[in-house]
Amino acid sequence: MWFYILKRVAQALPLLLGVVVFNFALIQLAPGDPVTLLVGDYPAPEEYVKQVRAEYGLDRPLAEQLVLYLGQLARGNLGYSYANRMSVAELIGKRIGPTLQLMITALVLAIIVGVSLGVIAARGRGKLPDFAAQVGALVGYSVPDFWLGQILIILFAVTLAWLPSQGMRSARSVATGFDAFLETLPYLVLPTLALSVRFIALFSRITRSAMLDILHSDFVLGARAKGLSEARVLLTHVLRNASLPIVTVIGYNVGLLIAGSALIETVFAWPGVGRLMFDSITKRDYPVMTGILLMVSCAVVLANLLTDLAYAALDPRVRYTR
Amino acid sequence: MFRPFRLIALFLLIMFAVGCASPTPEPTKAPPTAAPTLAPVATTAPAATKAPEPTKPAPTTAPTIAPTAAPKVAEPTRGGTAVVAMDSDPETLNLGLTTGYSAGDVGSKIFNGLVWLDGSYQPQPQLAEAWTISADGKTYTFKLRRDVTWHDGKPFTSADVKYTYEEILFKLHPRTRTLAARVKSIDAPDAQTIVFTLNDAYAPFMIQQTVFEAPILPKHLYDGQGDVTKNPVNLKPVGTGPFKFSEWNKGATIKLVRNDNYFEKGKPYLDAIVFQIIPQGANRSTALETGEVDFVVDFYLAKTDVPRLDKNTKLTGKRGQGAPAIDFMMFNTRTKALATPEARQAVAMAIDRKRIVDQSMNGIGRVGRGPFGDGFKWLLNPAVDFDKMYPRDVAKAKAALDKAGVTAGADGMRGKLRLLYDSARPQFVSAAQIIKENLKDIGFDVDLQAIERAVMIQKVFLDWEYDLTLQSFVSSGDPAIGYHRLYITTATKAQFTNQTGYTNPKVDDLLAKAATAPGVQARAGFYGELQTILANDLPSIVLFDEEGVDFASKKLSGTWAGIDSRDRWDLVWMPK
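Residues numbered from 1 in each chain as written. Chains lettered and ligands numbered in written order. Predicted model: local features only at pLDDT ≥ 70, side-chain atom pairs only at ≥ 80, totals over all residues.

**A short note on unusual backbone geometry**
Residue and element names in this part refer to chain B. A cis amide bond links Lys267 to the next residue, Pro268, at an omega of 0°. Positioned with a positive phi, Tyr121 is a non-glycine residue whose angle comes to about 70°. On the secondary structure map, Tyr121 appears in the loop between β2 (115-117) and β3 (123-125). For Asn362, which is not glycine, the phi torsion reads 55° and is therefore positive. Here Asn362 shows up in the loop between α8 (353-360) and β14 (366-367). Accessibility expressed as a C-beta count within 10 Å gives 17 for Asn362, which makes it partly exposed. (Helix = DSSP H or I, 4+ residues; strand = E, 2+ residues; numbered from the N terminus. Buried ≥ 20, exposed ≤ 12 C-beta atoms within 10 Å, placed from the backbone.)

Printed below as a string of structure tokens:
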């Protein structure tokens, strides 16, 4: 098992290197020059523009910049942000917490609600709960999350005044530690809802489909014949056997979840990495863009690895040795 | 077996850990404040209150402390935290390195300039308590206050001013570095005197001594500390201003707390100001409505929300605040169809600028009347009015184009024009649609290219790959600072300078004279002539003059003391 994990990590390294090189080239070749943003909104003398370009190493050939970047990456240095004038690692470190908080909450909510709806829909196939769940899933999957975010703000923050409209906690707050955590909870509700709706829809659809494939298997009939309760049959026998495709879909959607968080963080002024990415693109802050893309790539690789390991945990027939 | 409670407990534990690890460092508590002062400490009424007009000699006895535009409210009280919205993290809090709006918002409370500008653009004493200007307009002598200390307790002296100018502003400040070529020397004969000697008279010199153009920075924290742009003090600034830096939660908030040793005794009134970063305009308006923020300045306000906010009884709106700003449609005079003044005049005649103001700006703005807008009343030439010169008249525009040799083909079309603009500016997105429709009436197929700012700068200013472009420019308090660069002949490609290809030696000469002439009247004469020429040659047309709209919670008093809404927050207070 450990050997398998090490092997997968080793296999991921060339992939990550490829991602870095590809992202580096893609970002640098995109139109727009960060120096134009760095020198400000006033005419700058040519020598000053050259000075700024040299200061950030942007005057060197692209290949040389790439080699230098890879060299500093090997030493654990993600570079220096032009737009924030601080190290990229420190910058991402300051913003990763809120993103994890939002993503994990949204993922957990999406799994609990999505899988539950899928079970209910499969159980009542062709009946009202199934129809309602399917229509809900269709709508949930189709609604753009940034639009949904705005609607939630108008409804729950402005009209009903039940929840705050934006931010992570009150700007006037001086709370720290556990109090700060508690204060964050109401601020977490709307962005979590907006981010998770699409995934609730997706997970419910895949759960329903996987459950229906198994619901009429012989071993289910056998379980029922043994006199097990319907809940036990569904949760212990059917859902467990249907879980492999569900886990696969969950694992493969981590990347989409991160992408979704960029929009949601912007709509709800949530101070996470997604918004940092958005700002970095508009400011052509290459080191931050490359650093975040690397981090996202690592997250996706890790999610895939965890998905594979989850297979082994859920299905005794799957064992990873070599 | 399934263990729901364990999972829930694990989830809560993870969320707690993540929540506690979120970017909020242990907030730096505001230092203990002095016993509240119920009324501002009495200040000496300003003698010779009006500081000099830019080129006139200053009164030798300048006021000591009090600004002329103190709020007309009785009994300001101490206390409270004001929340101010902004759109993104500033790139730095060192105002000497940037003209970024959000950096200016925060930095203007931390730093001071030698002067500040009141509501009439008149310089008022700040770090300088008095100044004199030589008769030839070339020597400016500032007497500095003695009672000023930096937030770290070190005394402020003329050495700070000299260092700031020579080593930071003249090298790194996007606007003020253009002043370097005009300044022959800066001398600090004693700790409280600073003397600027210019090569030639320069009318806007005093206007450029504000905190936004020339913030004074602490020499002891920068000198000999290596690269100024990478000095960690830039992110934890130390100034002389009314508020001290407290904490910066990246992407969320920046908190400033009261400077109890501020040189204007009894001020500031607020305990703290928190800048909350809200990326979307609509959400900033919502936060204002829900009471989550107390102030949104025009730059961050979505104009579509103004009618709704106007009706909100908990808010106060303020219009017309801020230095003039104008929105242009600029031509590329290298484009064959737009190469002659006659063709450009015809295009101007096709554009319904009133409709642009009504629909793109929700009616908030004034249809542009001349090449310098209408913000500087003193320079307006009554004979120049775009509305009278180029009223919308499609038939006349078509005839003018035919006469200019820009003829229509069999399909009635005269060609394709690329219209480039920054996609992040909602007013441009809407105005571009109207322009496309208008120009179709006279036979142009307009290709709308809404592009990111970085790409727009590259294509418009550095590559000149456009036919028409929409741009917004601010004057920074004097037309010579903000607008001259749009019309002056430019040999090289540089951003935010004349990229239209327009060149006219007569205009260049008049611009130089208008910048250096002594006195407003003489300057107005040159500007009058310039307006006549530019309105005829038409390298660009002013679509509208912006009209600043700010909104503040009624919980705030004393706002809008200076010409810039971000300035003089030491006078802002929250009634109990």
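**Details of the interface of chain B and chain A**
Taken together, the 58 residues of chain B in the interface contact 53 residues of chain A. Put simply, the parts of the chain that give the side of chain B that touches chain A at least two residues each are α1 (4-20), β1 (81-86), β10 (272-277), α5 (281-290) and α12 (453-462) of chain B. The leading source of residues in the side of chain B that touches chain A is α1(B), at 7 residues. (Contact = placed C-beta atoms within 7 Å.)

**A word on the pairing of strand β5 (residues 139-144) of chain B**
All names here are of chain B. Of the two faces of β5, only the one carrying Tyr140, Phe142 and Leu144 is buried; Thr139, Thr141 and Lys143 on the other face are not. Direction of pairing for strand β4 (residues 128-133) relative to β5: antiparallel, over a ladder of 5 bridges. Counterpart to Trp131 in the pairing with β5 is Phe142. Two successive antiparallel strands, β4 and β5, enclose a turn made up of 5 residues, where Gly137 displays a positive phi of approximately 75°. (Pairing = 2+ DSSP bridges.)

**Overview of the nonpolar core**
One finds Phe203(A), Ala82(B), Val84(B), Ile273(B), Val296(B) and Ala346(B) to be the most contacted residues of the largest nonpolar core, which totals 226 residues. For this core, the element with the highest residue contribution is helix α8 (residues 177-215) of chain A, accounting for 15 residues. Excluding residues that lie within four positions of it along the chain, Val84(B) makes contacts with Asp105(B), Ile273(B), Phe275(B), Val293(B), Asp294(B) and Phe295(B). (Core = buried A, V, L, I, M, F, W, Y, C linked by C-beta atoms within 7 Å.)

**What to know about helix α15 (residues 505-516) of chain B**
Residues spaced three or four apart along an α-helix point in a common direction, a consequence of the helix completing one turn every 3.6 residues. All names here are of chain B. Between its first and last C-alpha, α15 extends 17 Å over 12 residues, near the 16 Å set by a 1.5 Å rise per residue. Taken residue by residue, α15 has Val507, Leu510, Leu511, Ala514, Ala515 and Thr516 as its buried positions. Of the surrounding elements, those touching the buried residues of α15 are α13 (479-482), α14 (484-487) and α16 (520-537). (Expected span 1.5 Å × (residues − 1).)

**So, the sheet that holds β14(B)**
Residues and elements named next belong to chain B. Ordered by their spatial adjacency, 6 strands build an open sheet running β14-β18-β13-β17-β15-β16, and the pairing between neighbours is mixed. Across the chains shown, the open sheet's two edge strands, defined by having one partner strand only, are β14 and β16 (444-451). Note: strand β15 (residues 415-422) against β16, 8 bridges, orientation parallel. Residue Asp422 lies in a different strand from β16, and its bridge partner there is Ile451.

**So, the environment of Met289(A)**
All names here are of chain A. With respect to the helices, strands and loops of the structure, Met289 is situated in helix α13 (residues 286-314). The class of Met289 is buried, set by 23 C-beta atoms lying within 10 Å. Along the sequence, Met289 and Asp279 sit 10 residues apart, while their C-alpha atoms lie 9.3 Å from each other. If near-sequence neighbours (up to four positions away) are discounted, Met289 is found in contact with Ile27, Met277, Ser280 and Ile281.

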